[in-house]
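Residues per chain, in single letters:
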Amino acid sequence: MFAINFHNKIEAILSDKIERTILISEVNAVSGGSINNAYCLTTNHDKYFIKKNQADRYPEMFEKEAKGLDLLRESGAIRIPDVIGLGEFDNTSFLIMEFIESATQKPNFWKQFGQQLAQLHQNTNSTFGLDHSNYIGSLYQQNNPYNNWTDFYINERLQAQLKLARDNNQIDIATISKFENLYKRLDEIFPKESPALVHGDLWSGNFMVDEVGQPVIMDPAVYYGHREMDLAMTKLFGGFDDELYDSYNKCYPMEKGWENRVDICNLYPLMVHVNLFGGGYLGQVKSIVSKFD
Ligand code: ADP
């Protein structure tokens, strides 16, 4: 499944890292991702997970993903897969991680997930943003620092996606002007909170159940933002149990009315979907912003 040179390169990296000769015996495609090609590598030592893409298409994508994973792991809040190595070979960029074997959820899975997410969100920073840009899916995500959440959300998130959609003729002027109306209200809509370390792309495809039935999160688009962004995103496509919110709320109570802000938070991932996958998602965007006429 891999070209021989690439296969040899990965074996060399693994052997170097593990400090013994690693030979890959099987390469099996892993489905579920939306951007990269992912595989499980079976070797004479262990299994590994590798994702790869065309290097010149998405510069530094895996470096940034590894940095995001490191930041989340350093919080000590929740299990994050270990990064084994990354690099570029013949215009193929790749990221190698430990392979997470899936088992069934422990009975307290959602309770634990809620507690761990609450713990993650208690990691704070002096400003909203991050010290580097990264990616959300395959789109560039800018993270310039702001003292105020709504300024950050407008400039670094919504406007950035609107501009891209406009440049690609994916959005009409009337919808853009509705965003302008929403912007004037954002300060009163969002409760003031400290910047929280967020996963940034927390849909059900980005968590797994590990071999002992506990949560693992991966494929992040990290930044210090409003914690409701993560909670809202869990509700966008479903797949998260209500127990998670109960447990989260006990550890780190959410501000009143957070459910009413879910749609506003989800304007960002919805606009990302408009830009990644086309206008099919624009209907949802329009129905949210039309409430702010
Ligand atoms: P993409 O960057 O293309 O979105 P993901 O990182 O989401 O790819 O990975 C694709 C799928 O592979 C995930 O939905 C998950 O099921 C699985 N996966 C991700 N990381 C690992 C891992 N470390 N071990 C085993 N499976 C993984």
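Counting starts from 1 at the beginning of each chain's written sequence and moves along it residue by residue. Where local features are concerned, this predicted model is filtered to residues with pLDDT of at least 70; where side-chain atom pairs are given and counted, the filter is 80 or more; whole-chain, interface and lining totals use all residues. Here the side-chain values reflect all heavy atoms present in the structure, with hydrogen atoms and water set aside.

Draft legend 1. Region of interest: the packing of aromatic side chains. Two rings belonging to Phe, Tyr or Trp (six-membered ring only in the last case) form a pair when the distance between their centres is within 6.5 Å. Interplanar angles under 30 degrees mark stacking, angles over 60 mark edge-to-face geometry, and anything in between is tilted. Under the defined criterion, the tally for this structure stands at 23 aromatic pairs. Pairing Phe 2 with Tyr 39 gives two aromatic rings, centres 5.0 Å apart and planes at 85°, and the pair type is edge-to-face. Of the two residues, Phe 2 sits in the segment before helix H1 (4–18) while Tyr 39 sits in strand E2 (residues 37–43), which places them 37 residues apart along the sequence. Each member of the pair, Phe 2 as well as Tyr 39, is classed as buried. Taken together, the ring pairs connect Phe 128, Tyr 146, Trp 149, Phe 152, Tyr 153, Phe 190 and Tyr 223 into an aromatic cluster. To sit over a ring, a charge needs its Lys NZ or Arg CZ within 6 Å of the ring centre and within 35 degrees of the ring normal. Cation over ring: Arg 227 sits above Tyr 252, and NZ or CZ is 3.7 Å from the ring centre. Secondary structure follows DSSP: runs of H or I at least 4 residues long count as helices, runs of E at least 2 residues long count as strands, and numbering of each begins at the N terminus. Residue burial is assigned from relative accessible area. The probe radius is 1.4 Å, only protein chains are included, and a residue is buried under 20% of its type maximum, exposed over 50%, and partly exposed in between.

Draft legend 2. Up close: the site of the ligand. Taken together, 18 residues sit near the ligand, with Asn 36, Lys 51, Glu 98, Ile 100 and Asp 219 positioned nearest. Between the ligand and Ile 35, the relevant distance is 3.1 Å, taken from an oxygen atom to a main-chain nitrogen or oxygen of the residue. Any pair of nitrogen or oxygen atoms within 3.5 Å is treated as a polar contact; in protein, a donor-acceptor pairing is required on top of that, and neighbouring residues in sequence qualify only through side-chain atoms on both sides. One of the side-chain N or O atoms of Asp 219 is found 2.9 Å from an oxygen atom in the ligand. With the chains in place, 93% of the 560 Å² that the ligand exposes on its own is no longer accessible. Following the grouping adopted for this structure description, the nonpolar residues are Ala, Val, Leu, Ile, Met, Phe, Trp, Tyr, Cys and Pro, the charged ones are Asp, Glu, Lys and Arg, and the polar ones are all others, Gly among them. Split by residue class, the shell around the ligand holds eight nonpolar, seven polar and three charged. Two domains each donate at least three residues to the shell around the ligand, and these are domain 1 (4–98) and domain 2 (109–292). Nearness is defined per residue: one heavy atom within 4 Å of the molecule or strand is enough. Methods summary: accessible areas were calculated by the Shrake-Rupley approach with a probe of 1.4 Å, and residue burial reflects only the protein chains presented. Annotation comment: domain bounds sourced from an automatic or database domain assignment.

Draft legend 3. Seen up close, the environment of Met 271. With respect to the helices and strands, Met 271 occurs in helix H8 (residues 262–277). Relative accessible area serves as the criterion here: at 0%, Met 271 is assigned to the buried category. The spatial distance from the C-alpha of Met 271 to the C-alpha of Leu 158 is 7.6 Å, given a sequence separation of 113 residues. Setting aside its immediate chain neighbours within four residues, Met 271 contacts Gln 161, Leu 162, Ala 165, Ile 171, Phe 179 and Val 285. Contacts: residue pairs with any heavy atoms within 4.5 Å of one another.

Draft legend 4. The arrangement of the domain arrangement of the chain in detail. Considered domain by domain, the chain is made up of domain 1 (4–98) and domain 2 (109–292). Each of domain 1 and domain 2 has a C-alpha centre, and the two are 27 Å apart. The interface is formed by 22 residues belonging to domain 1 together with 27 residues belonging to domain 2. Note: buried area is the sum, over both parts, of the accessible area (probe 1.4 Å) each one loses when the two are combined. Summed over both partners, the interface of domain 1 with domain 2 comes to about 2000 Å²; 67% of that surface belongs to carbon and sulfur atoms. Salt bridges are counted wherever a side-chain nitrogen of Lys or Arg sits within 4 Å of a carboxyl oxygen of Asp or Glu. Scanning the region where domain 1 abuts domain 2 turns up three salt bridges. Between Glu 211 and Arg 79 there is a salt bridge, with its nearest N and O atoms 3.2 Å apart. With eight residues, the top contributor of residues to the side of domain 1 that touches domain 2 is helix H2 (residues 61–74).

Draft legend 5. Structural view of H8. For H8, spanning 16 residues, the distance from its first C-alpha to its last is 21 Å, which sits close to the expected 22 Å at 1.5 Å a residue. Throughout, bend refers to the angle between the axes fitted to the seven residues that end at a position and the seven residues that start at it. At Tyr 268, H8 is bent by approximately 35°, the largest bend along its length, and proline Pro 269 sits one to four residues beyond. In terms of burial, H8 is a largely internal element, 13 of the 16 residues being buried. Of the residues flanking the end of H8, it is Gly 278, one or two places downstream, whose phi is positive at about 100°. Multiplying 1.5 Å by the helix residue count minus one yields the expected span of that helix.

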